[in-house]
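Chain by chain, the residues run as shown.
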Amino acid sequence: MSGMIKAMVMSAGVGSRLDPLTKFVPKPLVPIANKPVMDILFEKLKTIGVEDVICNTYYLADQIIERYTNNSIGINFNYIKEESLSGTAGGVKKCQFFFDKGQTFIVLSADGLTNADIEKGISIHNKSNAIATIGIKQIDMEEVPHFGVVVTDENGYITKFQEKPSVSEAKSNFINTGIYIFNYEIFNYIPADTFCDFAKNVFPELLKKHAINTFIIDEYWSDIGTLEQYKQSTQDVFNGQCSFTHGDIISTSTGAYISGESKIDESVKFIGNSTIGNNTKIGRNVIIENSIIWDNVIVEDNVRISNSIVASNCTIKTDLYSQITGANELIASETVKIYT
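Residues numbered from 1 in each chain as written. Predicted model: local features only at pLDDT ≥ 70, side-chain atom pairs only at ≥ 80, totals over all residues. Heavy atoms only, no water.

**Focus on helix H5 (residues 198-209)**
- With twelve residues, H5 should reach 16 Å at 1.5 Å per residue; the first-to-last C-alpha distance of 15 Å fits that figure.
- Among all positions in H5, only Phe198, Val202, Phe203 and Leu206 are buried. When H5 is viewed along its axis, its buried side chains cluster within an angular range of 85° and face the same direction. Those residues of H5 that are exposed and aimed more than 90 degrees away from the buried face are Lys200 and Lys208.
- Packed against the buried residues of H5 are helix H3 (87-93), strand S8 (132-138), strand S10 (158-163), strand S11 (174-182) and strand S12 (212-216). (Helix = DSSP H or I, 4+ residues; strand = E, 2+ residues; numbered from the N terminus. Expected span 1.5 Å × (residues − 1). Buried < 20%, exposed > 50% of the residue type's maximum accessible area, 1.4 Å probe, protein only. Arc of directions from axis to C-beta. Contact = heavy atoms within 4.5 Å.)

The following block contains the structure:
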């Protein structure tokens, strides 16, 4: 990619739809196949030549700051700490000092897992006269009510926004992915010290005066913001739909991604696809079926875990079926919690 370009990753959200997984872990550090989603995002930015990145932080901010202040990815990590949430656009406005006048920059959401061709998006943006270019993705029409919809003309310029329309009202099945290419002039349309959202506030107003361009994301994209989407995104990795570097993660013939420091008894049986995090210990005669297990988990002998998620630092003494367990839990038969 010609020229240095900077990026911002929106990282302030509480991630309440991922509760209880995000009770002790900020959403950007939720692991996909044992790698935090923000690690994956930073590595992809690095591969296209982006080295200077800023994040707005708020919820459990210190965990994000500690992980990336001295990182091995090669990203020059910068951050602000917000005292209160200010919306997607409000958070970007607070980072205005980081960007250079006259320069194009990238804004992405920290909960987006994608193989999107961002370089293509930058090229399309630079050839247009638009202040903003939005990455859009075509999805199944029945999924449209969960997303912000964009309607474009034959040249890819936006004519209308629809925020989570019903299937019958939707005029398109292309959605806003939260991947943005901006000119510095975008800051003229974001008020300072105000809670402000791109989709609800900035883009509709910008559209009244300027064209907003789009680029189509044909590659993989997923928002891991809900428990169902998180589970599906993990399965997508096994299906080969989403690819990224796994580092020391070992892909085994068992159908599981197992971190190298974990101890798995040879009698353990894996069914389907599962991930086992770092320093986890799984006892004798355990069955793991289509489950996600994070770091520092102890699974005692003769337990079956099926279609479940277990966050870090848990001890599991009883069978789990279709359950979500937050961090630091001791799960015996009388303490099982079911999340729907």
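Having seen the model, we can carry on.
**A word on the pairing of strand S1 (residues 6-11)**
- Burial of S1 is extensive: six of the six residues sit out of reach of the surface.
- Alternating residues of S1 divide into Lys6, Met8 and Met10 and Ala7, Val9 and Ser11, and every residue in both groups is buried.
- Relative to strand S6 (residues 105-109), S1 is paired through five bridges, and the arrangement is parallel. Residue pairing across strands places Lys6 opposite Phe105, the latter belonging to S6.
- By the bridge criterion, five bridges tie S1 to strand S4 (residues 52-57) in an arrangement that is parallel. The partner of Ser11 across the bridge, within S4, is Thr57. (Pairing = 2+ DSSP bridges.)

**So, helix H4 (residues 118-127)**
- The set of residues buried in H4 consists of Ile118, Gly121, Ile122 and His125. Along the axis of H4, the buried positions cluster into a sector of 100°, meaning they face one direction only.
- On the buried face of H4, the contacting elements are S6, S8, S11 and S12.

**Some words on the sheet that holds strand S22 (residues 298-299)**
- Spatial strand order, S16-S19-S22-S25-S28: five strands in an open sheet with parallel pairing. Two strands lie at the open edges of the sheet, namely strand S16 (263-264) and strand S28 (330-331), each paired on one side alone.
- Two elements, S22 and strand S25 (residues 315-316), share two bridges in a ladder whose sense is parallel. Bridging across to S25, Val299 finds its partner in Ile316.

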